[in-house]
Amino acid sequence: MRYLQKFVFTLLSLFLVGCGGSDDDGGGGTASITLNVSQITASVYQGDIYEVDVTVNYQGEGVLVGMPKGVNEVPIWLGADKQSITSNQAVFRVYLHGNVDTGVYNSALRFVTAYSNGSVAYKDVPIELTVKEPLVFTVVAGKQNVTLESMISVSDSGPVEGNSTYITYGAFSDWDWLDVEVVNNQYKAKIIKTDLSVGEHIGYIEFLDQNYRFRKVKIVYLVTEPEFNIDTVNKLTINNETIASELNMTIPVTPTSEGVIWNVIDSSSMISVTQNLNNVDVSLEFDLLSQNNGIYQQWIEFEYQYGDLLFPKTRKIEFDVEIDFTDIQQISPYVLYTSDEVTVRVWGNNLMSLTEEDFKAFTSIIQSVNYISDNEVELNIKANTTEQEINFVIENSLDYLRGEARVVVRHAPVFPIMSVDLPEKPASKVIYDSERERFYFRTFSNWTNLLYEISHDNEQWIVEQIVGESPKGLAIIDNGTQLLTSSASCSMTKIDLDTKVTVDAPSVTHCGYMDFGFIGQYYTGETVVINTNQWPSIYNYPNWELATANYPNVYSPNAILSKNGTHLIWTDSTGISSPRNAYIYDVRSNQFNQLNTNDSYDFYVDSFSVSANGERISYKNAIYNSSAILIGRVGTNDDTWNRTFVSIDGSYAAHYDFSEKQIQIYNIQSNEGVFLSVGLPLLVNEEAEFVKEIKFSEDNRYVFVFSSNVSTEVYKMYVYER
């Protein structure tokens, strides 16, 4: 810094000399000037300094150094300092600093003398500075064999002036690894340690002459880790044509350095690994095939070490496994009535690879096929006159069952028209098993949850308690074959609906204060269990992994899933602030749309209903579509105790008017919000003070009303035929 300050001072002085004097001023002679150099050229490493003395012989009253005319800024890499001066000779030291980026830099210095009579003489010295990268010496750990033959020449750093030159050296870190020797009149850097750690080591060799002037060369010594020859592992794709032998592969793993020890220590759960001398054998676990279609990243982790040179380190081999089966996940509705013509929706993967003939091969009652997307197809079905079950299964070369769906053809049910006494008030949504013509619900009293079933024998309804450990959430899953329940103590119970036998259901450990108040199975077959105690957590079941969908934050959520598993209502319940929030989650697009209810009223689970396909949603007396857009209202007001429930197929809505104690049916198929009432109102018995839920049968012929009268403790199910 002091060189630069002095140099700026000499510049200012030069400009003063240039401005002073005239031909008439004072005496003197003719000014002249000569230099011992005509140009200065230097090559340095970044961070180094090059210096050279310029001897000036002059005739004049003094001598100065500065920049040529027209150059107003001093380069940051250039400096000059006056060393000595007599009446006719001066010595200036010029400094070239390598504190800039690598490259070539050009400038010039002007040396000036003058007499007071105005006679002026000057010489310009062109300057070129080349800044180079520091010297680098690279060694791979495990192959270090540093000898004199490996030494680095630093002779190009420039001559060292003086007759009694000697050398010192040092290092900013790990200084004991660097030495210097003179070999054939050249200075050589020598690496004297062979057990340095992996990484960059920086040292400097300093050249010091008898006048204590020095320059230095930066040495960068880089030690790298051992390398491994590992072939590129291509993505493995498993589809309908994949055979068992293609689930195995061998990955070469060969260290490039002798003496490197490596061992496989871990791998992803979907693969098994066997280590050999220079490779690993990989086998895909058969359970991998049960995953949904998609890309799953697999990995193998191994640890390696080279003697005492390296601490043990790890490395991963990663590759993708893509599952791309053609399969069918769900058919909705899957219960059809004899002689009915109906459109059913099929969900699955790669469905466009199936032709219309492929679909008709499952059953002759398919009339036509309408392809919506590769994951969604509509089938127009004309059911025959006999009851039957139809399985939709797509074969693959692995003989592994991937997604099985079925259609059940039944005679249209005939329900007993009567009121049914319930033991307690339903504390959950009532679930209807259309295949077996039964209802399931839970109750809650005296801090106990109980599970009940309502069935009929064509003449009367039968209500009985069934097994379940204090059930809280409940759902029919696995193509209508099983009832899954959860409890506040985080245990799970699975019941076979045909045999009523309890089957294995993995529960979660370390549950804490979680309250699994909701279970649902999406159309993909993915089952979710939701902790509804204050701020929610959503788990995939049965592996208990946290769900990846970014569910909006709601307080103690209410969740209602459409019967076909494509749409989820997701709302606050009694919360700690207003307003409340309500959303519709489209499982197919993984998108949440907010319901604009403009309501600070505490949301309750019986305030909402959703059709089987999610195309109609009700809140109080408002009807929304699947995009959460309000399309109209039913009834004349939205009194707090009024309730509206849409039918399974989304064609109708039953609206309970609390003040009138009657239920009116509306046709809600219009998208324009003009909903017309259908038929006469259904009168509700006076005992039914509060209607908790209304359900339609699959064919909309029957209406089931679940009501309660808290003051009289009378709880009933009323059955109406329209």
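This one's a predicted model, so the numbers in the text were calculated from it and none came from an experiment.

Undergrad: Before we move on, could you go through the pattern of salt bridges and cite the residues and values that matter?
TA: Overall, the coordinates contain 23 salt bridges when judged by the stated rule. Of the charged contacts in the structure, one is a salt bridge between Glu 389 and Arg 406, with a shortest N-O distance of 3.5 Å. Of this pair, Glu 389 sits in strand β29 (residues 388–392) while Arg 406 sits in strand β30 (residues 405–410), placing them 17 residues apart in sequence. Of the residues examined, Glu 389 reaches a relative accessible area of 47% and is grouped as partly exposed. Among the salt bridges present, the one from Arg 406 reaches Glu 435, with a minimum N-O distance of 2.6 Å. Here Arg 406 is found in strand β30, whereas its partner Glu 435 is found in the loop between β32 (431–433) and β33 (438–445), with 29 residues between them in sequence. With relative accessibility at 10%, the residue Glu 435 sits in the buried group.

Undergrad: Mind laying out the confidence of the model for the protein chain, listing which residues take part and the relevant values?
TA: Do not read the fine detail of predicted coordinates wherever pLDDT is low. Confidence in the prediction of the protein chain, expressed as mean pLDDT, is 83, and 85% of residues score 70 or more. Across the protein chain, element-level confidence peaks in strand β1 (residues 32–35) with a mean pLDDT of 96 and bottoms out in helix α1 (residues 2–19) with 35.

Undergrad: Talk me through the pairing of strand β47 (residues 591–594); I want residue IDs and the actual numbers.
TA: In terms of strand pairing, strand β46 (residues 582–586) meets β47 through 4 bridges, oriented antiparallel. Looking at the pairing, Tyr 583 lines up with Gln 594 of β47. In this structure, the hairpin formed by β46 and β47 is closed by a connection of 4 residues, where Asn 590 is found at a positive phi of approximately 55°.

Undergrad: With reference to specific residues and values, describe the nonpolar core.
TA: Membership of the largest hydrophobic core comes to 30 residues, with the highest contact counts inside it found for Ile 40, Val 56, Val 94, Leu 96, Leu 109 and Phe 111. Residue assignment for this core shows that the elements contributing at least two residues are β2 (40–45), β3 (49–59), β4 (63–66), β5 (78–85), β6 (89–97), β7 (103–114) and β8 (120–132). Leave out the neighbours within four places in its chain, and Ile 40 touches Val 52, Val 54, Val 94, Leu 96, Val 125, Pro 126, Ile 127 and Glu 128. Leu 247, Val 260, Val 280 and Leu 284 belong to the second-largest nonpolar core, a separate cluster that totals 28 residues.

Undergrad: Run through the sheet that holds strand β50 (residues 622–624), naming residues and quoting values.
TA: Strand order across the open sheet formed by 4 strands is β48-β49-β50-β51, with antiparallel pairing between neighbours. Since the sheet does not close on itself, it has two edges, and those belong to β48 (608–610) and β51 (630–633), each with one partner. When strand polarity is set aside, the average angle formed by the axes of neighbouring strands in this sheet is 20°. For strand β49 (residues 617–619) and β50, the ladder comprises 3 bridges, and the chain directions are antiparallel. By the bridge assignment for β50, Ile 617 is matched with Tyr 624.

Undergrad: Explain the environment of Ser 562 to me, and be specific about the residues and the numbers.
TA: Here Ser 562 is to be found in the loop between β44 (558–561) and β45 (567–571). Ser 562 sits in the buried class, given a relative accessible area of 2%. Sequence separation between Ser 562 and Ile 617 is 55 residues, and the spatial gap between their C-alpha atoms is 9.5 Å. In this structure the side chain of Ser 562 is engaged in a polar contact, spanning 2.9 Å, whose partner is the side chain of Asn 564. Within the local environment of Ser 562, its side chain forms a polar contact with the backbone nitrogen of Thr 566, the two atoms lying 3.2 Å apart.

Undergrad: Tell me about the packing of aromatic side chains, and name the residues and values.
TA: The relation between two aromatic rings is expressed through the spacing of the ring centres and the mutual angle of the planes. This model, assessed by the stated rule, comprises 33 aromatic pairs. The interplanar angle of 85° and the centroid separation of 4.9 Å between the aromatic rings of Phe 415 and Tyr 702 together place this pair among those described as edge-to-face. Of the two residues, Phe 415 sits in the loop between β30 and β31 (419–421) while Tyr 702 sits in strand β57 (residues 702–709), which places them 287 residues apart along the sequence. We note that Phe 415, like Tyr 702, is buried. Summarising the aromatic geometry, the rings of Tyr 585 and Phe 592 are spaced 4.2 Å apart at their centres and angled 10° between planes, so their arrangement reads as stacked. By the ring-pair criterion, three or more aromatic residues cluster together here, those being Phe 415, Tyr 432, Phe 439, Trp 461, Tyr 702, Phe 704 and Phe 706. Positioned over the ring face of Trp 299 is Lys 316, at 4.3 Å from the centre of the ring.

Undergrad: Can you tell me about the side chain of Thr 338, naming the residues and giving the values?
TA: The topology assignment puts Thr 338 in the loop between β25 (335–337) and β26 (341–349). Among the residues examined, Thr 338 registers a relative accessible area of 15% and is labelled buried. When sequence neighbours within four positions are dropped, the list of residues in contact with Thr 338 reads Ala 383, Asn 384, Thr 385, Thr 386, Glu 387, Val 409, Arg 410 and His 411.

Undergrad: An account of the sheet that holds strand β40 (residues 516–521) is needed here, citing residue identities and associated values.
TA: Pairing in this open sheet of 4 strands is antiparallel, and the strands run β40-β41-β42-β43 from one edge to the other. Every interior strand has two partners, whereas the edge strands, β40 and β43 (545–546), have only one. Here 5 bridges tie strand β41 (residues 527–531) to strand β42 (residues 537–541), and the two strands are oriented antiparallel to one another. Paired with Asn 531 across the strands is Ser 537, a residue of β42.

Undergrad: Go over the side chain of Arg 110, please, and point to the residues and values.
TA: Tracing the backbone through its elements, the reader meets Arg 110 in strand β7. Arg 110 sits in the buried class, given a relative accessible area of 15%. Non-local contacts of Arg 110, meaning those with residues more than four positions away in its chain, are made with Leu 64, Val 65, Gly 66, Met 67, Pro 68, Lys 69, Tyr 122, Lys 123 and Asp 124.

Undergrad: How would you sum up unusual backbone geometry? Please name residues and give values.
TA: Each neighbour pair has its own omega, and for Ser 332 with Pro 333 the value is -10°, a cis peptide bond. The topology assignment puts Pro 333 in the loop between β24 (327–332) and β25. Pro 542 follows Tyr 541 through a cis peptide bond whose omega is 15°. Within the secondary structure layout, Pro 542 lies in the loop between β42 and β43. Despite not being glycine, Asn 590 shows a phi value in the positive range, around 55°. With respect to the element layout, Asn 590 can be found in the loop between β46 and β47.

About the cut-offs
For every chain, the first residue of its written sequence is number 1, and the numbers climb from 1 along that sequence. Reporting in this predicted model follows two pLDDT cut-offs: at least 70 for local features of residues, and 80 or more for side-chain atom pairs to be given and counted; totals over whole chains, interfaces and linings ignore these cut-offs and use all residues. For the side-chain quantities, the full set of heavy atoms in the structure was used; hydrogens and water were omitted. Salt bridges are identified by distance alone: a Lys or Arg side-chain nitrogen within 4 Å of an Asp or Glu carboxyl oxygen. Only DSSP runs of H or I with at least four residues qualify as helices, and only runs of E with at least two residues qualify as strands; both kinds are numbered from the N terminus onward. Only protein chains enter the accessibility calculation, which uses a 1.4 Å probe. A residue is then buried if its area is under 20% of the maximum for its type, exposed if over 50%, and partly exposed in between. Confidence scores per residue from the predictor, reported as pLDDT, run from 0 to 100. Think of it this way: DSSP has to see at least two bridges between two strands before they count as a pair. Here, the term nonpolar core denotes a set of buried Ala, Val, Leu, Ile, Met, Phe, Trp, Tyr and Cys residues that are joined through side-chain atoms within 4.5 Å. We call two residues in contact when some of their heavy atoms are within 4.5 Å. Where helices are involved, their axes are fitted lines through C-alpha atoms of the stretch in contact, as for all axes, and angles between N-to-C directions lie from 0 to 180°. As used in this structure description, the phrase polar contact means that two N or O atoms lie within 3.5 Å; if the pair is within protein, one of them must be able to donate a hydrogen and the other to accept it, and residues adjacent in sequence are counted only when both atoms belong to side chains. Planes of paired rings set the category: under 30 degrees apart is stacked, over 60 is edge-to-face and the rest tilted, where pairs are Phe, Tyr or Trp rings (Trp by its six-membered ring) whose centres lie within 6.5 Å. Only lysine NZ and arginine CZ atoms are considered, and such an atom sits over a ring when it is within 6 Å of the ring centre and within 35 degrees of the ring normal.

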